[in-house]
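Descriptive analysis of the structure
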Amino acid sequence: MRHVRIPVRLAVALVALMAMQGRGTAAESPSYVAYAQGQYLTALHLAEKEASEGSKEAFTLMGEIYLEGLGVAQDFEKAADAYAQAADLGDPNAQFQLGTLVAEGLGVKKDLRIAAKLFESAASSGNAAAQYNIALIYLHGKGRDPDEAKAIEWMKKAAEQGNPQAQYDLGAFYQFGRGVPIDKAKAAEWTGRAADAGLPEAQVEYAVMLFKGAGVPVDEARAAKLFRLAAEEGNPVAQNRLARLYANGVVVKADQVQAAKWHLLARTAGISDFSLDIMLSKLTFEERATAEKAAEDWRGGRLTD
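Please read all numbers here as calculations on a predicted model, not as lab measurements. Sequence order as written defines residue numbering, which begins from 1 separately in each chain. Local features are withheld for residues below a pLDDT of 70 in this predicted model, meaning they are given only at 70 or higher, and side-chain atom pairs are given and counted only at 80 or more; totals for whole chains, interfaces and linings count all residues. In computing side-chain values, all of the structure's heavy atoms are included and hydrogens and water are not.

1. Some details on the pattern of salt bridges
What counts, and what does not: Put simply, a salt bridge is a Lys or Arg side-chain nitrogen that is within 4 Å of an Asp or Glu carboxyl oxygen. To qualify as a helix, a DSSP run of H or I must reach at least 4 residues; to qualify as a strand, a run of E must reach at least 2; elements of each kind are numbered from the N terminus. Between buried and exposed lies partly exposed: a residue is buried under 20% and exposed over 50% of the maximum accessible area for its type, with that area taken using a 1.4 Å probe on protein chains only.
Summed over all chains, the structure comprises 13 salt bridges. Among the salt bridges present, the one from Glu296 reaches Arg299, with a minimum N-O distance of 3.3 Å. With Glu296 and Arg299 both in helix 16 (residues 285-299) and 3 residues apart, the pair spans about one turn of that helix. A relative accessible area of 40% means that Arg299 is categorised as partly exposed.

2. Focus on helix 14 (residues 256-268)
Test applied: One less than the number of residues in a helix, times 1.5 Å, gives the span that helix is expected to have. Whether two residues touch is decided by their heavy atoms; if any such pair falls within 4.5 Å, the residues are in contact. Pairs of N or O atoms within 3.5 Å make up the polar contacts considered here, provided that, within protein, one atom can donate a hydrogen while the other can accept it, and that residues adjacent in sequence are counted only when both atoms are side-chain atoms.
The first and last C-alpha atoms of helix 14 sit 18 Å apart over 13 residues, in line with the 18 Å expected at 1.5 Å per residue. Most of helix 14 sits out of view: 10 of its 13 residues are buried. Against helix 12 (220-232), helix 13 (236-248), helix 15 (274-281) and helix 16 lie the buried residues of helix 14. The opening residue of helix 14, the one whose side-chain oxygen lies 3.1 Å from the backbone nitrogen of Val257, is Asp255.

3. Description of the packing of helix 6 (residues 112-124) against helix 7 (residues 128-140)
Keep this limit in mind: An axis is simply a line fitted to the C-alpha atoms; with a helix, the fit covers only the stretch in contact. Between two such axes, the angle follows the N-to-C directions and lies from 0 to 180 degrees. In what follows, roughly perpendicular refers to angles from 65 to 115 degrees, roughly parallel to angles under 35, roughly antiparallel to angles over 145, and oblique to any angle outside these ranges. Handedness of a helix crossing follows the sense of rotation of the near helix relative to the far helix, less than a right angle counterclockwise being left-handed and clockwise being right-handed. The nonpolar class holds Ala, Val, Leu, Ile, Met, Phe, Trp, Tyr, Cys and Pro. Asp, Glu, Lys and Arg form the charged class, and all remaining residues, Gly among them, are polar.
Direction vectors running N to C along helix 6 and helix 7 enclose 135°, while the axes themselves pass 8 Å from each other. One finds that helix 6 runs oblique with respect to helix 7. Here helix 6 runs over helix 7; the crossing is left-handed. Taking contact as the criterion, the partners of Ala116, Phe119, Glu120, Ala122 and Ala123 in helix 6 are, on helix 7, Ala130, Gln131, Asn133, Ile134, Ile137 and Tyr138. For the contact of helix 6 with helix 7, the class distribution of residues is 8 nonpolar, 2 polar and 1 charged.

4. Focus on the packing of aromatic side chains
Threshold: What counts as a ring pair is set by centres within 6.5 Å for rings of Phe, Tyr and Trp (its six-membered ring), and what kind of pair is set by the plane angle: stacked under 30 degrees, edge-to-face over 60, tilted for all other angles. In our convention, an over-ring charge means Lys NZ or Arg CZ found within 6 Å of a ring centre and within 35 degrees of that ring's normal.
Taken as a whole and judged by the stated rule, the model has 4 aromatic pairs. Note on Tyr35 and Tyr40: the rings are 5.5 Å apart at their centroids and 65° apart in plane angle, and the pair reads as edge-to-face. Taking 5.9 Å as the distance between ring centres and 45° as the angle between the ring planes, the aromatic pair formed by Phe96 and Phe119 counts as tilted. Of this pair, Phe96 sits in helix 5 (residues 92-104) while Phe119 sits in helix 6; the two residues are 23 residues apart in sequence, bridging distant segments of the chain. The pair formed by Phe96 and Phe119 is uniform in burial state, with each residue classed as buried. Over the ring of Trp190 we find Arg193; its NZ or CZ atom is 4.2 Å from the centre of that ring.

Laid out in C-alpha cells, this is it:
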C-alpha cells in the first residue's frame, strides 16, 4: 500500500518569484530585476531600501537571498527575520517560507504549531505548497489535532492548483479509501495528472494502472513510456519494471543487455528480482560487460540505448 508522506524537509521554494505583487509588480521592482539578472548583492541592497519603504515583497526577496546564500553567506536567522517581517505584512510566500524554517528549526526555534499557523495563513491566500503542507499536518496530527476531513479539503485545493505531490497523494486517498470513498477512476485521474507533471513515483504508479486497466483503459505503450521516463530519472522501481519489459519483450523489443543494464541499476538501489538475476547469470561475458558499461555510462549521465 502506498502511504502519504511528510517530507523530511518540507519543500522550500519561492513561489512565482517574478509574479509577486507589490507597489507595482515585482518584475518592475529594481531589486527583483537585479535578482533575475543574478546580481544578488545589488538585489539585496535595493531590497533593503525598498523594504524600508514598506515593500513586503522586498523583505521576502531578502529572505530568499539569505536562505540560499546568494552573494552572501547563508544565514537562516537573517532569512527568518526577513520572512517574518514580510509575513507580518501579509505576504503568503513569506508565510510559507517562514513556516518551513519554523517547522525545521532553521534560524528559529522549532515549533510545529506556529509552522501550521503560518502554512494555514499562506494556504488561505492560495499558496499551493502551503496547502499541501497544511494537509499533511492535519493528516498526521503534527502541529494540529488530526482532522482527516480538513486534510482532504486542503489536499484537493493544492491538487486542483497543479501541485504534483498533492495530486499523487490525493490519488492514493481515492485508491485506498482514506478519508474518501474508494474510487479507482479518480485515483487514476489524479495519479495521471501527477505523472504528466513529471513526478517519477506517480509515473510508476500510473504506469501500473495503465497495464492493469485499474480505473483507466489499458494502454501498455503509454505505460512503458512512463516506466522509461521514471527510470531515466533514477526511480529504481521503474528501472526494475523497465528491465522486465526488455527481458520479456513486452511492448518493447526483447533485449537482454538492456534488461541487464536496468536490472543492475535497480539492484544497486536495493530492488531485488530473482528472475532477472537468473537472466543476468545466463549472459555471455561480452553481454554482461556491455550491460555493466551501459549502467556505468548511465550513472555518469551518458544515456545509451
